[in-house]
Amino acid sequence: MKKPVVGVMPLWDDEKESLWMLPGYFDGIITNGGIPIMLPLTEDKGDLEQAAELCDGFLFTGGHDVSPEIYGEKPLDGKVSSNRKRDEMELYILRKALESDKPVLGICRGIQFINAALGGTLYQDIPLQHPSKVEHHQNPPYNIPVHVVSINVDSPLHKCLNADTLHVNSYHHQAVKQLAPELKAMATSEDGLTEALYMPGHRFLWGVQWHPEFSYSTDDNSRRIFKAFTDAMFN
Ligand code: MN
């Protein structure tokens, strides 16, 4: 049987002017029977369409802030570092994924991007716009849980993990504010941020605000999320 191919959104380093990849994203897919490939950082629609056709699913990775223009806001002074090219290519890839009903997993920026692309809004800067005592921006090591999320009982995440609460790592300064109309929350932090969401009716579209790619080698629940994603491609 052929393994599913997962198109992974490219990471871009502004300082080194370099494409790069976190091994955890790839390993999380490989250990669950998929083949990850990094998609090109291009706005060429023809190239993106052909590349998307090669893929059975898509992983929306972490990285730059989502441009606030996507959800109709101006960037807060000095708080937002975005990458227009990434936003453009990801908008196109997400559209293709939805049209073809291919599985999508968004992690960190990924959950934020999916929400913004589908008509939701974001907190541009949590410390400024949603201050709380919850640690959302931890120091290394990043595989250590720093806050709790409660999981909605009727959500696919609850079915996957069979747990009402989950201890998660956290490394983000932005977050989902208003949920996009087609999305539903799956998990919420103690200070009320949506930390996981899904799209009812789509084969598999999940976003998580924490980082299973940092914890999958030490944490069963992180592995289960990657497994749910790759399993959806076998169905
Ligand atoms: Mn968090």
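Scroll up to find the structure.
These notes cover the structure that comes with them. (Residues numbered from 1 in each chain as written. Predicted model: local features only at pLDDT ≥ 70, side-chain atom pairs only at ≥ 80, totals over all residues. Heavy atoms only, no water.)

Ranked by size, the top nonpolar core spans 32 residues in total, and within it Leu59, Leu105, Ile107, Leu157, Trp206, Trp210 and Ile225 carry the most contacts. The element that contributes the greatest number of residues to this core is helix α8 (residues 220-234), accounting for six residues. With sequence-adjacent residues up to four places away left out, tryptophan 210 is seen in contact with Ile107, Cys108, Val149, Leu157, Leu166, Val168, Asn169, Ala187, Glu195, Ala196 and Ile225. Counting residues in each nonpolar core, the second largest holds 30 residues, with Val5, Leu48, Val104 and Ile114 among its members. (Core = buried A, V, L, I, M, F, W, Y, C linked by side-chain atoms within 4.5 Å. Buried < 20%, exposed > 50% of the residue type's maximum accessible area, 1.4 Å probe, protein only. Helix = DSSP H or I, 4+ residues; strand = E, 2+ residues; numbered from the N terminus. Contact = heavy atoms within 4.5 Å.)

Under the defined criterion, the tally for this structure stands at six aromatic pairs. When the ring of phenylalanine 204 is compared with that of tryptophan 206, the centres are 4.6 Å apart and the planes differ by 25 degrees; the resulting orientation is stacked. Residue classification places tryptophan 206 among the buried residues on the basis of a relative accessible area of 6%. An aromatic cluster is built from Tyr142, Tyr171 and Phe214, whose rings are joined through pairwise contacts. (Phe/Tyr/Trp six-rings, centres within 6.5 Å; stacked < 30°, edge-to-face > 60°.)

Below, the discussion takes up the pattern of salt bridges. Applying the stated criterion across every chain yields a total of eight salt bridges. Aspartate 87 is paired through a salt bridge with arginine 109; the nearest N and O atoms lie 2.9 Å apart. Here arginine 109 lies in helix α4 (residues 109-117) and aspartate 87 lies in helix α3 (residues 84-99), a separation of 22 residues in the sequence. In terms of burial, aspartate 87 and arginine 109 fall into one category: buried. (Salt bridge = Lys/Arg side-chain N within 4 Å of Asp/Glu carboxyl O.)

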